[in-house]
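Descriptive analysis of the structure
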Amino acid sequence: MAGKPKLHYFNARGRMESIRWLLAAAGVEFEEKFLQTPEDLDKLVNDGSLMFQQVPMVEIDGMKLVQSRAILNYIATKYNLYGKDIKERALIDMYVEGVADLSEMILLLPIAPPGEKDAKLQLIKQKTTNRYFPAFEKVLKSHGQDYLVGNKLSKADIQLVELVYYVEELDSSLTANFPLLKALKARVSNLPTVKKFLQPGSQRKPPMDEESLEEARKIFRLK
Ligand SMILES: N[C@@H](CCC(=O)N[C@@H](CS)C(=O)NCC(=O)O)C(=O)O
């Protein structure tokens, strides 16, 4: 039997957190190897483990996968979270790309120059309530089903619910006008695997704070 997937990243959300969410939702146990120094990153680069000299990297099924979307797609395919045919898969991809666009803005917020932070936060809030959340609410309303695609849990639901948690961390009122999105969040959060991941002490990571930002700057030599 193959061992547990091994996740290589630093000890923070960043671009690995969606991978943690997806594995956890699929009920897959995983190990984590945290980068702590620039030399830890150099070591992976020098031994050829990182195709583009970047993490996230996940060791899984004898491969060393990089590029977070490729990793997510592999996991989703393997654990049947990627639709039943190419049309469902196209919808899942389309929804996930929308989720990724807003998630990227939230991911980059902590490293915005202090003078730009407020404006960026306002833009995130505006895009959330005027563009992204209405679009997902409309999908859920259009078919009245429990999940976004094919009435079955997919990586689109998991990544969207992860995003809803982040948005609510920024401002809990942003979901107020989206009852179906809130219901999806509750439904996914109550799946036993996700419920476990949401408990304290799981491998889920807290919001980025000054300390983890400093660690990232050091490891990735950003200053
Ligand atoms: N497109 C890549 C981006 C990966 C990326 O930007 N990784 C950062 C850490 S979050 C990194 O390794 N930076 C080091 C570098 O680019 O030299 C993905 O989605 O995995």
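Our structure is the block above this text.
I will try to describe carefully the structure that is included in this document. Because the structure is predicted, anything quoted here is derived from the model rather than measured. (Residues numbered from 1 in each chain as written. Predicted model: local features only at pLDDT ≥ 70, side-chain atom pairs only at ≥ 80, totals over all residues. Heavy atoms only, no water.)

Let us look at helix α3 (residues 68-78). Given 3.6 residues per turn, any residue in an α-helix points the same way as the ones three and four places further on. By the burial criterion, the buried members of α3 are Ser68, Ile71, Leu72, Ile75 and Ala76. Down the axis, α3 shows its buried residues gathered within 130° of arc, on one side only. Contacts from the buried residues of α3 go to α1 (17-25), β3 (57-60), β4 (63-66) and α6 (155-170). Just beyond α3, the residue with positive phi is Asn80, at close to 60°. (Buried < 20%, exposed > 50% of the residue type's maximum accessible area, 1.4 Å probe, protein only. Helix = DSSP H or I, 4+ residues; strand = E, 2+ residues; numbered from the N terminus. Arc of directions from axis to C-beta. Contact = heavy atoms within 4.5 Å.)

So, on to the site of the ligand. Every residue close to the ligand is listed here: Tyr9, Arg15, Gln53, Gln54, Val55, Pro56, Gln67, Ser68 and Phe220. Contact distances for the ligand include 3.1 Å between an oxygen atom and a side-chain N or O atom of Gln54. In this structure, Gln67 approaches the ligand through a side-chain N or O atom, which is 2.7 Å from a nitrogen atom. The fraction of the free accessible surface of the ligand (510 Å²) that becomes covered by protein chains is 69%. Its residues placed into classes, the shell around the ligand shows four nonpolar, four polar and one charged. (Near = heavy atom within 4 Å. Polar contact = N/O pair within 3.5 Å; in protein donor to acceptor, adjacent residues only side chain to side chain. Areas by Shrake-Rupley, 256 points an atom, 1.4 Å probe, with all protein chains shown as cover. Nonpolar A, V, L, I, M, F, W, Y, C, P; charged D, E, K, R; others polar.)

Those residues of helix α9 (residues 210-219) that fall on the buried side of the exposure criterion are Ser212, Leu213, Ala216 and Ile219. Along the axis of α9, the buried positions cluster into a sector of 130°, meaning they face one direction only. Exposed positions of α9 whose direction lies more than 90 degrees from the buried face are Glu210 and Glu211. After α9 finishes, the residue Arg221 shows a positive phi value of roughly 50°.

Backbone hydrogen bonds hold the strands of a sheet together, and the pairing may be parallel or antiparallel. The four strands lie next to each other as β2-β1-β3-β4, forming an open sheet whose pairing is mixed. Among the strands making up the open sheet, the edge pair consists of β2 (31-35) and β4. For this sheet the average axis-to-axis angle between neighbouring strands, irrespective of direction, equals 20°. Packing against the sheet, α3 makes contact with β3 and β4, and its axis sits at approximately 125° to β4. (Pairing = 2+ DSSP bridges. Axes fitted to C-alpha atoms, helices over the stretch in contact; angles between N-to-C directions.)

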